[in-house]
Amino acid sequence: MKFEEQWKSQEDTAVLEQKDAWHEIVLFNDEVNTFDWVIHCLMEICEHSPEQAEQCAVITHYKGKCSVKSGSYSELEPRCTSLLERGLSAEIN
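Residues numbered from 1 in each chain as written. Predicted model: local features only at pLDDT ≥ 70, side-chain atom pairs only at ≥ 80, totals over all residues. Heavy atoms only, no water.

## Some thoughts on the layout of surface pockets
Empty space within the largest pocket amounts to approximately 160 Å³. In terms of lining residues, the largest pocket is bounded by 13 residues, among which Asn29, Asp30, Asn33, Thr34 and Val38 are the most central. When residues of the lining of the largest pocket are traced back to their parent elements, those giving at least two are strand S1 (22-28), helix H2 (35-45) and helix H3 (50-63). In terms of residues, the lining of the largest pocket owes the most to one element, H3, which gives 3 residues. Per-class residue counts for the lining of the largest pocket are 6 nonpolar, 6 polar and 1 charged. (1 Å grid on protein atoms, 1.4 Å probe; cavity = no way out; pocket = protein on both sides within 12 Å on 5 of 7 lines; lining within 4 Å. Points joined across faces, edges and corners; volume = space filled by probe spheres on them. Helix = DSSP H or I, 4+ residues; strand = E, 2+ residues; numbered from the N terminus. Nonpolar A, V, L, I, M, F, W, Y, C, P; charged D, E, K, R; others polar.)

Next comes the structure, spelled out in structure tokens:
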């Protein structure tokens, strides 16, 4: 195996391992929360811009769910808990 091929193989393995460590908060649509409340929560908890929060709210409404934040589990868990405490339906995948 050439050095270049070996390096590429090690790089691919590192990327795969890194992807395994990343998770997403998925927000689910409900018939209870208003767009304004969802947008407010996404801006406050997930640090979205107003435009990003609005886009996520619209996607969640029309598609039933939307990935709203990605990162390590330890980084996402308190954010997901905060969304749940505010009455939103979310989980970490």
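That was the structure; now back to the text.
## Looking at the nonpolar core
One finds Ile25, Leu27, Leu42, Val68 and Leu83 to be the most contacted residues of the largest nonpolar core, which totals 18 residues. Where this core is concerned, the elements lending two or more residues are S1, H2, H3, strand S2 (65-72) and helix H4 (73-85). Broken down by element, the residue count for this core peaks at 5 residues, all from H2. Excluding residues that lie within four positions of it along the chain, valine 68 makes contacts with Ile25, Leu27, Leu42, Cys46, His48 and Cys56. (Core = buried A, V, L, I, M, F, W, Y, C linked by side-chain atoms within 4.5 Å. Buried < 20%, exposed > 50% of the residue type's maximum accessible area, 1.4 Å probe, protein only. Contact = heavy atoms within 4.5 Å.)

## Overview of the pairing of S1
As paired elements, S1 and S2 share 7 bridges and run antiparallel to each other. Opposite phenylalanine 28, over in S2, you have lysine 65 as the bridge partner. Note: S1 against strand S3 (residues 89-92), 4 bridges, orientation antiparallel. Each residue of the ladder has a partner; that of phenylalanine 28, found in S3, is serine 89. (Pairing = 2+ DSSP bridges.)

## Some points on H2
If you check which residues of H2 are buried, you get Val38, Ile39, Cys41, Leu42 and Ile45. Relative to the axis of H2, the buried residues are bounded by an arc of 165° and lie together on one face. Remark: glutamate 47 follows H2 within two positions and exhibits a positive phi of approximately 60°. (Arc of directions from axis to C-beta.)

## Looking at the sheet that holds S1
The 3 strands are arranged S2-S1-S3 in an open sheet whose pairing can be described as antiparallel. In this open sheet, the two strands that pair with only one neighbour each are S2 and S3. In this sheet, neighbouring strand axes are inclined to one another by 20° on average, regardless of whether the strands run parallel or antiparallel. Running over the sheet, H3 touches S1 and S2 and is turned about 125° from S2. Across the sheet, H4 lies against S1, S2 and S3, angled at about 140° from S2, the strand it touches most. (Axes fitted to C-alpha atoms, helices over the stretch in contact; angles between N-to-C directions.)

Interpretation note: all reported values are geometric properties and have no functional meaning in isolation.
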